[in-house]
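Chain by chain, the residues:
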Amino acid sequence: MRNVVIVGYGMAGARLADEIRRRDPKAERVAVTVLGDESHPAYNRVLLSSVVAGSLTPEAVRLHDPEWAARHHIDLRLGGSVSKIDRTRRVVHVDDDEVPYDSLVLATGARSWVPPTDGLLDGNGTLASGVVAFRSLDDCARIVDKASPGTPVAVLGGGLLGLEAARGLAGRGCLVTVVHPVGHLMERQLDPGAGRVLATTLRGLGIEFRLGVLATKYTPGEGLELNDGTHVPADLVVVSAGVRAETGLAEQAGIDVDRGVLVDDALRSSDPRVHAIGDCAQHVGTVSGLVQPAWEQAAVLADRLTGAAPAARYSGTTVVTRLKARDVDLAALGDVHVGVDSADDEVLCFQDPARGRYAKLVLRGDKVTGAIVIGAPDAAAAITQLFDRGLPAPTDRLALLLGRALPAENEASPADLPASAVVCRCNTVSKSQLVSAWRGGAKTVSAIAEVTRASTGCGGCKDAVCGIVDWLAASQPQSA
Amino acid sequence: MTDSPRIDTHCPYCALQCAMTIENGRVSPREFPTNRGGLCQKGWTSAELLTSPKRLTTPLVRRDGELRPASWDEALDLVADKLRELREVHGPDSVGVFGGGGLTNEKSYLLGKFARVALGTSQIDYNGRFCMSSAAAAGMKAFGLDRGMPFPVTDLDNAGAILLVGGNPAETMPPFVQHLRNAELIVIDPRRTATAELATLHLQPAPGTDLALALGLLHTAVADGYLDKQYLSDRTTGFDDAWRIAATWWPERVERVTGVPVADQRAAVRILAEAANAYILTGRGTEQHASGADTVSAWINLAMALGLPGTKGSGYGCLTGQGNGQGGREHGQKADQLPGYRKIDDPAAREHIQGIWGVDDLPGPGRSAYELLDALGQPDGPKALLVFGSNVIVSAPRSQHVADRLKALDLLVVADLVLSDTAAVADVVLPITQWAEESGTMTNLEGRVLLRQVAVAPPEGVRSDLDVMQGLATRLGQPAERFPTEPEVVFEELRRASEGGLADYSGVTYERLRQGEALHWPVVEESTPRNFLDRFAHADGMARFIPVEHRGPAELPDADYPLQATTGRVLQHYQSGAQTRLVRELNQAEPEAYVEVHPDTAVRAGLGNGQLAAVVSRRGRTLARVRCVPSMLIDVVFLPFHYAGDGRANLLTNPVLDPTSRMPEFKVCAVRLESV
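In the annotation of an unreviewed UniProt entry, chain B is listed under the name Assimilatory nitrate reductase catalytic subunit and assigned to Saccharothrix ecbatanensis.

In the nomenclature of an unreviewed UniProt entry, chain A corresponds to Assimilatory nitrate reductase electron transfer subunit from the organism Saccharothrix ecbatanensis.

When you go through chain B residue by residue, the secondary structure sums to 22 helices and 29 strands. Relative to the compact-globule value of 26 Å for 676 residues, chain B shows a C-alpha radius of gyration of 24 Å, a close match. Once the C-alpha set of chain B is aligned to its principal axes, its extents read approximately 70 × 60 × 55 Å. Here chain B holds 676 residues, and the buried ones make up 68% of them.

With that out of the way, let us pick up the overall build of chain A. Check the secondary structure of chain A and you find 13 helices and 27 strands. Whereas a compact globule of 480 residues would reach a radius of gyration of roughly 23 Å, chain A reaches 30 Å, over 25% beyond that. If one aligns the C-alpha atoms of chain A with their principal axes, the spans along those axes are about 110 × 65 × 50 Å. Expressed as a percentage of its 480 residues, the buried residues of chain A come to 52%. Residue pairs at least 24 apart in sequence account for 59% of intrachain contacts in chain A once pairs closer than 6 positions are excluded. Accessible surface, chain A: about 21000 Å² in total, of which carbon and sulfur atoms supply 50%. Here chain A holds 49 positive side-chain charges and 57 negative ones, and the gap between their average locations is 5 Å.

On to the pairing of strand 26 (residues 636–640) of chain B. Residues and elements named next belong to chain B. In terms of burial, strand 26 is largely enclosed, as five of its five residues are buried. Residues Val636, Phe638 and Pro640 point to one face of strand 26 and Val637 and Leu639 to the other, with burial holding for every one of them. As judged from the five bridges shared by strand 22 (residues 563–568) and strand 26, these two strands associate in the parallel manner. Bridging across to strand 26, Gly568 finds its partner in Pro640.

Summed over the entire model, instances satisfying the criterion amount to 70 salt bridges over all chains. A salt bridge links A:Arg77 to A:Asp75; its shortest N-O distance comes to 3.0 Å. Looking at A:Arg77, the relative accessible area reads 29%, which means it is partly exposed. As a salt-bridge pair, B:Arg512 and B:Glu517 come within 2.8 Å of each other at their nearest N and O atoms. Here the salt bridges do not stand alone but share partners, grouping A:Arg15, A:Glu19, A:Arg22, A:Arg23 and A:Asp303 into one network.

On to the sheet that holds strand 10 (residues 201–203) of chain B. All names here are of chain B. Spatially, 10-9-8-12-13 is the arrangement adopted by the five strands of the open sheet, whose pairing is parallel. Each end of this open sheet is capped by a strand with a single partner; those strands are strand 10 and strand 13 (315–318). Shown here is a sheet whose adjacent strand axes are inclined to one another by a mean of 15 degrees, direction ignored. The pairing of strand 8 (residues 161–165) with strand 12 (residues 278–282) spans five bridges and is classified as parallel. Within strand 12, the residue paired with Val165 across the bridge is Thr282.

Turning our attention to the UniProt feature "domain: 4Fe-4S Mo/W bis-MGD-type" (unreviewed entry) in chain B. Residues annotated by UniProt as "domain: 4Fe-4S Mo/W bis-MGD-type" (unreviewed entry) correspond here to residues 4–52 of chain B. Helix makes up 8% of residues 4–52 of chain B and strand 27%, with an end-to-end C-alpha separation of 18 Å.

Conventions and cut-offs
Residues numbered from 1 in each chain as written. Chains lettered and ligands numbered in written order. Predicted model: local features only at pLDDT ≥ 70, side-chain atom pairs only at ≥ 80, totals over all residues. Heavy atoms only, no water. Helix = DSSP H or I, 4+ residues; strand = E, 2+ residues; numbered from the N terminus. Rg over C-alpha atoms; globule rule 2.2 N^0.38 Å. Buried < 20%, exposed > 50% of the residue type's maximum accessible area, 1.4 Å probe, protein only. Contact = heavy atoms within 4.5 Å. Areas by Shrake-Rupley, 256 points an atom, 1.4 Å probe, with all protein chains shown as cover. Lys, Arg positive; Asp, Glu negative; His and termini not counted. Charge placed at Lys NZ, Arg CZ, Asp CG, Glu CD. Pairing = 2+ DSSP bridges. Salt bridge = Lys/Arg side-chain N within 4 Å of Asp/Glu carboxyl O. Axes fitted to C-alpha atoms, helices over the stretch in contact; angles between N-to-C directions. UniProt positions renumbered as here; feature names shortened; annotations may be inferred.

Below is the structure:
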């Protein structure tokens, strides 16, 4: 039996344990030990913005119930701190204990990066009073605790998570200002035009922005001073300025680390007995910080560690960014930093800032290579499908881009309807049959029904038949 | 057939069982709660088959490779001799029986008895396995009882909102649509069907992703504050485990998998949750998958989260498809069941039925429908098959393989009223009576038992299925009285056999039905129009959340097969089309196989509207005429499954089975388009 030890009980570590047990439900091939530093069961980090927004309770975002480990033959140790990996003896030091491994998996995640603004950290290097990072379930509790209606809140960072937090807090009635060092929001995923439309939409939901400025100083009870000389009042500062992979253990153990623990397609580090997945791993230059790559990596690694598919490989994840914020519909995918005058690409762009709509579509040879869609939910969904499935985009690009924003076709009047058009579906009765019946003397809907059976099924075409009768009567020269 | 009396009856086709009268060989619609005086084109033309020249009126026996007329004695003697011989050499399981969801309750019941008593075989199943089995399995798990609609159809009239998943009644049971008119209608279907056109909101998921969508809607129901906590604690168990999975299906993730916009997911949940009364209904589109049972469980979980099932004016139901799809699954033609919806591996159930049948032992559970067909002619599989009320060569998945298995049999016997595609390859064909020529009960989609009485005399030379069973049973040494041919006598026995079972018909009599009483089972004395109002059928009275996870289609598109095919129905045809293709007016309206394709996809395949195309999967190749439909998803094609020969949609379909219900994955497989 292979002894697998997973360091980290977050979304990646928990998922790996689940995936291993899905392949080896009775623990016949693999013994699993999970080491978690938080004291409570794993939770779904993706849903933390819902907890901040108040739509989900902290209990509702737990990934596992307390009996999970026992039920699945997993040795789960919570609240311990892993101090060291001894690769020679193949043991992990947890507090005063040693845990031996055949395969070690680092799923240590990432920690918030705190910008070098004066006063954010106190003398001990911990966050100052009134400052909360937005990373863990405990952070959420701290944020929610202070986020009563009318509270001035500053969010440091106008990236995906910062904006989700800002939206949630605005929904709670807080007075939210987002401070972002770049000139437009979500600059990694959006172009400036899209960033502007997004800001406009969010302003409409009560969020203020200070863009292209840095916070220079934080004073508890007062708020932030910015480098343009202005001041943002804040009883609460939420830090969401990015994360750094948690690589300390690996570094200390002499494993190769760059921005994350370097792994190959087999998710092996420079020590083939040590693996890394999730936010702490760096695969082909990418440290993702997103859940989907972590889950895909967990599935591949479970295939390998259980022997279910020893040759399984992880070849990267296509990322689709989707802002999870009520009343804001934003999707961004692929390479969007392409101008409409690009020679190699076909680029379509539609802007309707007044209505909060923005759509940019980048195509190469009919395939979607990038897109930003704001305020057009069905277009976002359709384009994502084309991108993920590698499907050619429909020839009618405009319809794709605008989705349901396209005006509906006018309902054809009885006169315009082609003779072969089926009016009564239930009985396959065409307009021409109705006209013949009318000419044959059936002048009312019920007389026509008698002859053609039109309207005798579900009855849904009664109005249409009536319309045709009226049209025929009106087009008939008046007799004396 | 002149001057025959005016008789009240019901349509021979789908589970709505529209009420009509028949007089002088013509049908006309009749006021009834289900169809409200409406009939679709199939119903209006249903009498045509009574006098069709294509009607079989003499037994046929294959001699020198050709089916030739024979007398009943010749045909039945030949079948009985062969069955006896096979049984002696290979044991009783060398004979298989395949039934149908169009058979009356009496026939379904007697067929199960015939198989288990006269043939002694465990190898009996029926085409309802291809139809209702996923919904049935999920209903049993959640509620402890499976009645497609546990409320009368007319309850839908007062609904504020209805979520209809994978059902297309505007095409499959048009008069039913009348009951959807007052509600805000949400339709979930990969195609913009005629029913979707009627909807307030149409969600168009990629084929095979309904389970993810259902999990996502449950997620949204919780996140948007619509969870009915009081109902959950009073009437259900197991929510937390189901939620743990749904929690990982946040709307944006669901959108990426299904293609359904987040905004539409939210809107659907809001419409359902904010309606004073709401229903969730499922159809084959969401059920006919290798994960079909779990998918229905996910829809039921959503319904329970919103507090719908077992609540007056709200609920969950599935739309039964075949004429007697409901009754057909209750009385013992299913591989794992005995009459009264009893389980065949339950010792008490076996003892009860053995007592009724006067036998000491019964065979155990047998193979499910596709597994039975797949085993035909194999070393350990049946060597003979008797088919009643089914046309498997068209309706079973991977149909070329099924045709090959039928060829490998020593004996194929088909009882049918016309020379169906399956009958055409049989060794013996037995011509039988049809709906208006015989009496029998049908149980419609709302669990209401209906009596169809003899309205016209059958043509000379045909016999009823009940006669056929008695004829064979007596030749196999059974006493004649054990296999009565009078439907009412069979029904009297069925009443006793079902007594105390879940589907208890003991209080139903022909007399009560003749009086026009509305009897929804269970009927001990009183009818039960609505199940579950007080308690669910599990021992603790509670409904159960079933934790289920999305799996996706068994076969995903790839470079060789880049499209996904889904199958379904057209208004003018019923099931395999063996009957409706013979009705002139229906066949004129929809004469041949077609494939609906997005116009761009057709162009890319070098095809245009009206051209003949080959649709090719790993299992076969179907010829169908192209219909360009701009509302189709660009990588999805649709084929109706009613056509024979090269036009069989099921040449393509994937026979991978649901682990619980043994339902094949009819509704999604990978294909490519070719010009021919």
